[in-house]
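# Observations on the three-dimensional arrangement
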Amino acid sequence: MSEQYPRFRSILDQFAGYKPGKPPTPAGGRTFKLSSNESPYDPLPSVRAVLADAASQINRYPDNGAAELTDAIASRFGVPAEHVAVGCGSVGVAQQLLEAVGEPGAEVIYAWRSFEAYPYLTELANATSVQVPLLSYGHDLSAMAAAITERTRLIFVCTPNNPTGTPVGHRDLAEFLDVVPADCLAVIDEAYVQYVRDPAVADGLSLYVDRPNVAVLRTFSKAYGLAGLRVGFLIGHPPVAQAVRKTMLPFTVNSLAQAAAVASLAAESELLERVELVVKERDRVRGELLDDGWTVPPTEANFVWLPLADRSAHFADHCDAAGVSVRPYAPDGVRVTIADAEANDAFLAAAARYSHRA
Ligand SMILES: Cc1ncc(COP(=O)(O)O)c(C=O)c1O
C-alpha cells in the first residue's frame, strides 16, 4: 500500500470538527444529559402521528422548496414567504449564510465566547473570525462596532448568548445595528428566544423589518423539541433569504423534518406550556445555586452558566460521576441545560456535593 494519502485543505489540520455535548456516562441508576440544551420532553402525540404518516412516503424526495413549511413559518410570524429560508438546523442556515459571504479576506465578527459553531463554520467558509471578548458575560456591542472594517461581511449576535445565557437589550441592539454598514449582514441568532421573559430583551423580528441587512435565525431544535430532525430557518429580506436558498444543499430539510415542523407550529401553544415549565425550573435552579454560594449570571435561556474558569473540566467530571453530563468550556466555565425537575435535582445534588467551587 502506498504511504501517500489525499491532500486536504490545510484548515482541516487546525480543528477536529464540531464537538457535541457528551451523553452521560452510565452510572448504575438514572442518568441525565444536560449538555446540549435539548428539550427534556418526548415528542407530542400529534407530532408523532404526522411523522408516522410522513414515514410512509420516504421513497420520494422531500419538497426542495419546503413550500408548506415556509408558508407556515411566514404566517406564524406575519412575514411574507419570500422572507423565509430553511436549512438543516439553524447551524445549517448559518453555514449557508457563511457560504454566501465567505471568501479569502472576508471577516466575520462575533462575541466570544459564544456558539462554538461560529468559528468552525467561518473558517470552513474561507473567511476570517474576528472574536470580540464578552463583557460581564454579554456582548460588548461598542467593541464589536469598533471591530467593523471594510472587510466585515457578516456579524453574528447571539441573544440570549450560548453558553452564558446573557441576552442583548433591544435598544442597545437597535443602536448597534444602525452603525453596521449596509453591505454587511447582521444575523441575530435567536435559538433560545422562546425562553426569554425579560421584556427589554432584543426582538429580532421587529429589528429586521426596516433593515435590509439584518436577518433573524431561529430553530425548531430547542423549544419545539425537534433537535433530532434538524430544521432551522432564517427570516430576512428577499435577497438574504434567496442567498440562503442558493447555498442550500439540495433536499437538505428532509420530509419528516418538514412535516414535524409544520405540526409543531400547529401545536405551538402546547409546546410553549412546556417551555414555561423549563423557565420556572431555570429560575428555581439558579435561585438554589445562588443560595448555595455559586456565581450564576442571570440567564434568559434554557441553561445556566457557571464561570468556573480552570475548574470547569473538574466540575464536569464530578457531575459526570454522579450521572449528569454538563458542558465544560475550559478555561471559561460550564453550561448546564435546564430540564425536568428530576434531572435538575440530580444536578443540584451533584453541585451541592462539589467542594472546590471557590
Ligand atoms: C446559539 C445557537 N444557534 C444555533 C444553534 C443550532 O441549532 P440547530 O442547528 O439545532 O438548529 C444552537 C444549538 O445549540 C445554538 O446554541
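Residues numbered from 1 in each chain as written. Predicted model: local features only at pLDDT ≥ 70, side-chain atom pairs only at ≥ 80, totals over all residues. Heavy atoms only, no water.

### Details of the site of the ligand
S90, N162, Y192, T219 and S221 are the nearest of the 13 residues found near the ligand. Take Y192: an N or O atom from its side chain is 2.6 Å from an oxygen atom of the ligand. R230 places a polar side-chain atom, nitrogen or oxygen, 2.7 Å from an oxygen atom of the ligand. When isolated, the ligand has an accessible area of 390 Å², and the protein chains bury 93% of it. (Near = heavy atom within 4 Å. Polar contact = N/O pair within 3.5 Å; in protein donor to acceptor, adjacent residues only side chain to side chain. Areas by Shrake-Rupley, 256 points an atom, 1.4 Å probe, with all protein chains shown as cover.)

### Brief notes about the packing of helix α3 (residues 89–101) against helix α4 (residues 117–124)
Viewed as axis vectors pointing N to C, α3 and α4 meet at an angle of 35°, and their least axial separation amounts to 9 Å. In the packing of α3 onto α4, the handedness of the crossing is right-handed. Contacts between α3 and α4 involve V91, A94, Q95 and L98 on the former and, on the latter, A117, L121 and T122. In terms of residue class, the contact of α3 with α4 is built from five nonpolar, two polar and no charged. (Axes fitted to C-alpha atoms, helices over the stretch in contact; angles between N-to-C directions. Helix = DSSP H or I, 4+ residues; strand = E, 2+ residues; numbered from the N terminus. Left-handed = near helix turned anticlockwise from the far one by under 90°. Contact = heavy atoms within 4.5 Å. Nonpolar A, V, L, I, M, F, W, Y, C, P; charged D, E, K, R; others polar.)

### A short note on the nonpolar core
If you look at the biggest cluster of nonpolar residues, it comprises 53 residues, and the most contacted ones within it are I73 and F220. Of the residues forming this core, the biggest block, six residues, is contributed by helix α9 (residues 255–266). Apart from residues no more than four positions distant in its own chain, F220 is found in contact with L69, I73, G225, L226, A227, V231, F233, A261, S264 and L265. Formed by 34 residues, the second largest nonpolar core is a distinct cluster that contains V275, V278, V324 and A350. (Core = buried A, V, L, I, M, F, W, Y, C linked by side-chain atoms within 4.5 Å. Buried < 20%, exposed > 50% of the residue type's maximum accessible area, 1.4 Å probe, protein only.)

### Quick look at the pairing of strand β2 (residues 84–87)
The two faces of β2 match: V84 and V86 on one face and A85 and G87 on the other face are all buried. In this structure, β2 lies alongside strand β8 (residues 232–235), joined through four bridges in antiparallel fashion. In the sheet register, V84 faces β8, and the bridge partner there is I235. (Pairing = 2+ DSSP bridges.)

### Overview of the sheet that holds strand β12 (residues 333–337)
Ordered by their spatial adjacency, three strands build an open sheet running β9-β12-β11, and the pairing between neighbours is antiparallel. In this open sheet, the two edge strands, each paired with only one partner strand, are β9 (303–306) and β11 (327–329). Each strand axis lies, on average, 20° off the axis of its neighbour in the sheet, ignoring direction. Bridge count between β9 and β12: four bridges; the pairing is antiparallel. Each bridged residue has a counterpart across the sheet, and for L306 the counterpart in β12 is V334.

That's the geometry; what it means functionally is another story.
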